[in-house]
Amino acid sequence: MKDASQRNPSRLPEHLDNLCQWTQANERLASEQLIPLLAWNKVSWDSFKDSFPAADAQCLVAVWLLRALSENVDVDRALGDRVQRLQLALLGHLIAADAPLRWCLPEWCEQLDRLCFHWQGWYPTLGRLGERFLARTDDLLGVLESGSPEASLAAMRDFNRRADRELDRAATLARRIRESELGQQSVSNAHREVVTYLNNHLAGCSLPEPVYEFVIGSIQPALQYYLINDERELWSTWTENLSDLIGCLRPVKTEEQWQRFHQNSALFVARLSTAKPPHNCIFEHYHQFVTDVTICVDRLRAGDRPEMIIAPPLFDRRRSSKPLDAQEPRAQDLEPHGFECGDWLAYRTEYEGVLRCQFLLQPPGSHELLFVNREGHRVLTAPVGRILDCLESGEARRMLPVQAYSTALNTAAARLEYVHSELACQRRVAEQLEQQRLARAERLREARERDRKKRKAADRAERVKALQEETQRIKREQAAFERHRAAAEQALAEQRLSSALTEVEALTIGSWAELRLNDVESVKCELVMLLQSTGKYVFHNHLGRPVVTLLREQLAQMLVAGHAVFFQPALGFDNRLERIVQGQRRPGREAGRR
């Protein structure tokens, strides 16, 4: 069954024509008459008809659409005046004669959705590019206010194309930031792994000083290079050579170790001589290293003990250079943050106001989250616990990926469809009642005619008796009429409840709802669980916390009473930042796992 929160806006013209025929109201209102309705607390079909009895329903749908658009557009306060200008400019286009067809054009929906999306990422401290963005916005609003529909569509297309190019450049810059963060982490991990390996296998062993210096100066950087570039075969080769070197040059051996030394030392020296030097090692230095190892092996074979040093343990300089004021992560920093690459966040700061930024990454091994603005610049780096605290206190909030205009159009279409279905039900009930009234009137006329003939032929007593019977019959007919009327009203109520139950049953996991749980305010929440066996619907807020659990019948009653509105926003935009960054994530993760 089709989801009730995703209406088909293409049926708007059909519904508007039906309402015009049923109500005989087709007066076109001017924009000046509709502007005050945008500020009303609530605009319903009844309140609109009370104020404008002869007005066309298209004007009401335009008001519904613009009110829903203002609720769905999440922009900075500095853009509030421009949002109002956009509403007034669109109002003139929406009440035109051919507006219902233009509302549903995919091109209009796409361009207005893209426009609102670009506005949502702007905030006052973006700098020079932000000022250019505002200038282009003012030019666009000027065209929308005075231009034709074709010129307005072309202006929105040009505005979005230039804004998309800015986002492409920002995505490239964000990708470089990500690569830099992951590259630094990869280098740090490789250095730490090599230091750990050398401390486990080399520290405390005896080696000639020139050999030890070559190991630290050439083999250690080469091992780091092999780890960073995932050259595991060369890593294994040189770790094996290093292990054999330490065992071969050990001055103190058991008789069994001395026997293996005399058997394999020549082969080990030959293998070193023919091996390819470590990465980035000068050949002359490697040749000198092989010569030093050969001399030491010859002296050990001759029973002489060459001069050696004990290799000291190595220290991870990167780890030891950690700032002294760095704090250990809190327990809350280890909690899952729930952000995915490209998620938007509105974060309130002390000096820069509200930052509107996107989540880029959490560096491996780090407890900090990195956010960039719509220009691709790093604007926020904070621990996970700090972000969660701000989300809890209201200093920060997630920006939902809602297609503002398409969602507003779906909302207006849903409200119009509800009014259309209710008026259609009322018309059907009225027609049935009229047919029943005519039938009763005809039966009553025929019965009265029969009674008149009987009264003429009957005497006075019979006429009195007939009159009494007539009175009783009229009472019975009146009672039957009242029963029919009550049954018709009950059928209408049951049909409304059935329609509401159908709409509730069509809800799916992930649908959003606005529920009025008290007389003060409404709560926006998401359907996260649907228990078919018990008919319960579990709603959570945007923080993932339970809000309310309602039975199917309770939701239907709230919908009939107007205390619930369901909507399921369409999928978010094809975010270029997420697409480019996700393409870089796989190799970065595989390198981190290795």
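Predicted model, so just to flag it, every value in this text is computed and none were measured.

Visitor: Looking at this model, I keep getting lost on the sheet that holds strand β8 (residues 512-516). Mind explaining?
Guide: Read across the sheet, 5 strands follow the order β11-β10-β9-β8-β12 without closing on themselves; strand pairing throughout is antiparallel. Of all the strands in the sheet, just β11 (546-551) and β12 (564-567) have a single pairing partner and so form its edges. Within the sheet, the average angular offset between the axes of one strand and its neighbour, ignoring direction, is 35°. Bridge count between strand β10 (residues 536-540) and β11: 5 bridges; the pairing is antiparallel. Counterpart to His540 in the pairing with β11 is Pro546. Those strands touched by helix α18 (residues 552-560) are β8, β10, β11 and β12, and its axis lies near 95° from that of β11.

Visitor: Mind showing me how you'd approach the packing of aromatic side chains here?
Guide: Given two aromatic rings, their pairing is described by the distance between the two centres and the angle made by the two planes. Inspection of every chain in the model, using the stated rule, returns 13 aromatic pairs. With a centroid separation of 6.2 Å and an interplanar angle of 85°, the aromatic rings of Phe117 and Trp344 are classed as edge-to-face. Here the residue Phe117 occupies a position in helix α7 (residues 106-120), and Trp344 occupies one in strand β3 (residues 344-348), the gap between them amounting to 227 residues. Considering the side-chain rings of Trp258 and Phe261, the 5.5 Å spacing of their centres and the 90° angle between planes classify their relative orientation as edge-to-face. With Trp258 and Phe261 both in helix α12 (residues 255-274) and 3 residues apart, this pair spans about one turn of that helix. A network of ring pairs unites the aromatic residues Phe214, Trp238, Tyr286 and Phe289 as a single cluster.

Visitor: Explain the pairing of β8 here, please?
Guide: Remember that side chains alternate between the two faces of the sheet whenever the strand is regular. Bridge count for β8 against strand β9 (residues 522-531) is 5 bridges, and the pairing is antiparallel. Within the sheet, the bridge partner assigned to Glu514 lies in β9 and is Lys524. Connecting β8 to the next strand, β9, in antiparallel fashion are 5 residues.

Visitor: Any chance you could explain the pattern of salt bridges here in plain terms?
Guide: Proximity of charged atoms lets side chains of opposite charge pair with each other. This structure, assessed with the given rule, holds 26 salt bridges. Among the salt bridges present, the one from Asp138 reaches Arg82, with a minimum N-O distance of 2.9 Å. Of this pair, Asp138 sits in helix α8 (residues 128-146) while Arg82 sits in helix α5 (residues 80-94), and the two are 56 residues apart along the sequence. For Arg82, a relative accessible area of 17% translates into the label buried. Among the charged side chains, a network of salt bridges with common partners joins Arg82, Arg85, Asp138 and Glu145.

Visitor: Would you explain helix α10 (residues 209-228) in this entry?
Guide: Since the α-helix advances by 3.6 residues per turn, residues separated by three or four positions end up pointing in the same direction. Given a rise of 1.5 Å per residue, 20 residues ought to cover 28 Å, and the 28 Å separating the end C-alpha atoms of α10 matches this to within 8%. Within α10, burial applies to Val211, Tyr212, Phe214, Val215, Ser218, Ile219, Gln220, Ala222, Leu223, Gln224, Tyr226 and Leu227. One or two positions beyond α10, positive phi appears at Asp230, with a value near 60°.

Visitor: Teacher, can you tell me more about α18 here?
Guide: Along α18, the residues classified as buried are Arg552, Leu555, Ala556, Met558 and Leu559. Relative to the axis of α18, the buried residues are bounded by an arc of 160° and lie together on one face. Of the residues trailing α18, Gly562 is marked for its positive phi of about 80°.

Visitor: Please clarify how empty space enclosed by the protein should be interpreted in this entry.
Guide: Here the idea is plain: a probe the size of a water molecule rolls over the atoms and shows the empty space left. Using the criterion set out here, one finds 3 cavities of 30 Å³ or more in the structure. In this structure, the second largest cavity encloses a volume near 50 Å³. If you go around the second largest cavity, the residues you meet are Leu90, His93, Leu94, Arg102, Trp103, Trp108, Leu112 and Tyr405. Taken together, the elements giving at least two residues each to the lining of the second largest cavity come down to α5, α6 (99-103) and α7. Of the residues contributing to the lining of the second largest cavity, the split by class is 6 nonpolar, 1 polar and 1 charged.

Visitor: Where do I start with unusual backbone geometry in this structure?
Guide: With phi around 55°, Gln24 is a residue other than glycine that occupies positive phi space. Counting through the fold element by element, Gln24 comes out in the loop between α1 (12-23) and α2 (31-34). Note on Gln24: relative accessible area 64%, which makes it exposed. A positive phi angle is found at Asn280, which is not glycine, with a value near 65°. Relative to the assigned elements, Asn280 resides in the loop between α12 and α13 (283-301). The exposure class of Asn280 is exposed, given its relative accessible area of 74%.

Parameters at a glance
- Residues numbered from 1 in each chain as written.
- Predicted model: local features only at pLDDT ≥ 70, side-chain atom pairs only at ≥ 80, totals over all residues.
- Heavy atoms only, no water.
- Pairing = 2+ DSSP bridges.
- Helix = DSSP H or I, 4+ residues; strand = E, 2+ residues; numbered from the N terminus.
- Axes fitted to C-alpha atoms, helices over the stretch in contact; angles between N-to-C directions.
- Contact = heavy atoms within 4.5 Å.
- Phe/Tyr/Trp six-rings, centres within 6.5 Å; stacked < 30°, edge-to-face > 60°.
- Salt bridge = Lys/Arg side-chain N within 4 Å of Asp/Glu carboxyl O.
- Buried < 20%, exposed > 50% of the residue type's maximum accessible area, 1.4 Å probe, protein only.
- Expected span 1.5 Å × (residues − 1).
- Arc of directions from axis to C-beta.
- 1 Å grid on protein atoms, 1.4 Å probe; cavity = no way out; pocket = protein on both sides within 12 Å on 5 of 7 lines; lining within 4 Å.
- Points joined across faces, edges and corners; volume = space filled by probe spheres on them.
- Nonpolar A, V, L, I, M, F, W, Y, C, P; charged D, E, K, R; others polar.

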